[in-house]
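Each chain is listed here by its residues.
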Amino acid sequence: MAWTTKDIPDLSGRTAVVTGANGGLGLETARALAGAGAHVVMAARNQQKAAAAAEDIRRSHSKASLEIVPLDLSSLASIRAAADAIAAAHPKIDILVNNAGVMACPERRTEDGFEMQFGTNHLGHWAFTARLLAPLLRADAARVVTVTSTAHHMGSAVDPGNPHLEGRYGPWKAYSQSKLANFHFALGLQRAFEAAGARAQSLVAHPGLSDTDLQATSVEATDGGAIQRFFHMLAHRTGMTAAEGALPQLRAACDPAARGGEFYAPRFGNNGPAVRRPVLRPGIAKAIERLWAVSERETGIKLDVGAALAAAAA
């Protein structure tokens, strides 16, 4: 039988953090986790939308335990403030879902000078995860789920000499690179956990073609061209609902049988039940190594699991 939210075990006493929890996949992920009893930290940039999303969840689950924390993944200062606030309030974090993202936007830079899609979708989550490592490692067996996209199949591994695609920018090229970076980050983080002997696990998921506000917002706010308008139309007419699209990341986060390094996605590529899919990427070790070096260099933040383990035990 297909895996559904009814298969989520009791999460009472657990703390989950979801980025981009104010709409779409993030909202449905937060709703399901809260419905299973978790305390959910909704980390989101738009506070008005986050407040409305929290009220929406409470209409579904009147006893939902929710907390809203401002987070702008395009700002290292905002990331630091959000992570510090979360870590101070929650010594242990059981689930982190790196869900938020931007898609196929015109070329522009974050406040720290990063290309917006690589900076938000990958570097922002890199910094956020790194700053939450200690509370994640204090949990019995935390899970970090990073959300990629089918676009990762079209992406190229990050070029250390030009990670921000200067002179080579294209909205979909940058988006695909950022989503492949998400894929490599999730698998690289699992390798780092294993090398340090940590109990935490890192998994990757993608939602297939889902009719979410990301599609509509991207079309309205950007100029991704005919391709973007086509996929928006296709998602609206044939895509899964946001609740259905969230199932792969929920399964990665909650299924007791899931293991670190696994990849969850719709069975039929862009549609279907949430299932484990094979990881098929030649040369992935070298790509992960390059991504780690670029991410540390650009953000100035080292993702050191060994040091975080020591801090967690102190």
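Model, not experiment: these values are computed from the prediction.

Colleague: Explain the packing of helix H3 (residues 76–89) against helix H4 (residues 116–131) here, please?
Modeller: Between two packed helices, both the angle of their axes relative to each other and the distance between the axes serve to describe the pair. Their axes nearest at 9 Å, the elements H3 and H4 cross at an angle of 30°. With respect to each other, H3 and H4 are oriented roughly parallel. Where H3 crosses over H4, the handedness of that crossing is right-handed. Touching Leu76, Ile79, Arg80, Ala82, Ala83 and Ile86 of H3 are Gly124, Ala127, Phe128 and Arg131, all from H4. Of the residues assigned to the contact of H3 with H4, the class counts are 7 nonpolar, 1 polar and 2 charged.

Colleague: Which parts of the structure should I look at to understand the packing of aromatic side chains?
Modeller: According to the stated counting rule, one finds 5 aromatic pairs in the structure shown. Aromatic pair Trp126 and Trp292: ring centres 4.9 Å apart, planes at 80°, arrangement edge-to-face. With Trp126 in helix H4 and Trp292 in helix H11 (residues 284–299), this pair connects stretches of sequence that are 166 residues apart. Residue Trp126 shares its accessibility class with Trp292, and that shared class is buried. Taking the centre distance of 5.8 Å and the plane angle of 90° together, the rings of Trp172 and Tyr175 count as edge-to-face. Here Trp172 pairs with Tyr175, and both are found in helix H6 (residues 171–196), just 3 residues apart, close to one helical turn.

Colleague: Explain the nonpolar core here, please?
Modeller: Generally speaking, soluble globular proteins have nonpolar side chains that are buried together. Ranked by internal contacts, the top residues of the largest apolar core, which has 52 residues, are Ile86, Phe128, Leu132, Leu137, Phe193 and Leu303. When residues of this core are traced back to their parent elements, those giving at least two are strand E2 (39–44), H3, H4, helix H5 (133–138), H6, strand E7 (263–266), H11 and helix H12 (305–313). The contact partners of Phe128, leaving out residues within four places of it in the chain, are Val17, Thr19, Ala43, Leu71, Leu73, Ile79, Ala82, Ala83, Ile86, Leu96 and Asn98.

Colleague: What's the story with the pattern of salt bridges in this structure? I'm lost.
Modeller: Should the charged atoms of two oppositely charged side chains come close, the side chains can pair. Tallied over the full model, the rule gives 9 salt bridges. Its salt-bridge partner being Asp56, residue Arg59 comes within 3.8 Å of it at the nearest N-O pair. Of the two residues, Arg59 and Asp56 are both situated in helix H2 (residues 47–60); the distance of 3 residues between them amounts to about one turn of the helix. The exposure class of Arg59 is exposed, given its relative accessible area of 65%. Take Asp56: its relative accessible area is 22%, and that puts it in the partly exposed class. Across the salt bridge formed by Asp255 and Arg251, the nearest N and O atoms sit 2.8 Å from each other. When sorted by exposure, Asp255 lands in the same class as Arg251, which is buried. Within the structure, one salt-bridge network assembled from shared partners comprises Glu28, Arg31, Asp56 and Arg59.

What counts, and where the lines are drawn
Residues numbered from 1 in each chain as written. Predicted model: local features only at pLDDT ≥ 70, side-chain atom pairs only at ≥ 80, totals over all residues. Heavy atoms only, no water. Axes fitted to C-alpha atoms, helices over the stretch in contact; angles between N-to-C directions. Helix = DSSP H or I, 4+ residues; strand = E, 2+ residues; numbered from the N terminus. Parallel < 35°, antiparallel > 145°, perpendicular 65-115°, else oblique. Left-handed = near helix turned anticlockwise from the far one by under 90°. Contact = heavy atoms within 4.5 Å. Nonpolar A, V, L, I, M, F, W, Y, C, P; charged D, E, K, R; others polar. Phe/Tyr/Trp six-rings, centres within 6.5 Å; stacked < 30°, edge-to-face > 60°. Buried < 20%, exposed > 50% of the residue type's maximum accessible area, 1.4 Å probe, protein only. Core = buried A, V, L, I, M, F, W, Y, C linked by side-chain atoms within 4.5 Å. Salt bridge = Lys/Arg side-chain N within 4 Å of Asp/Glu carboxyl O.

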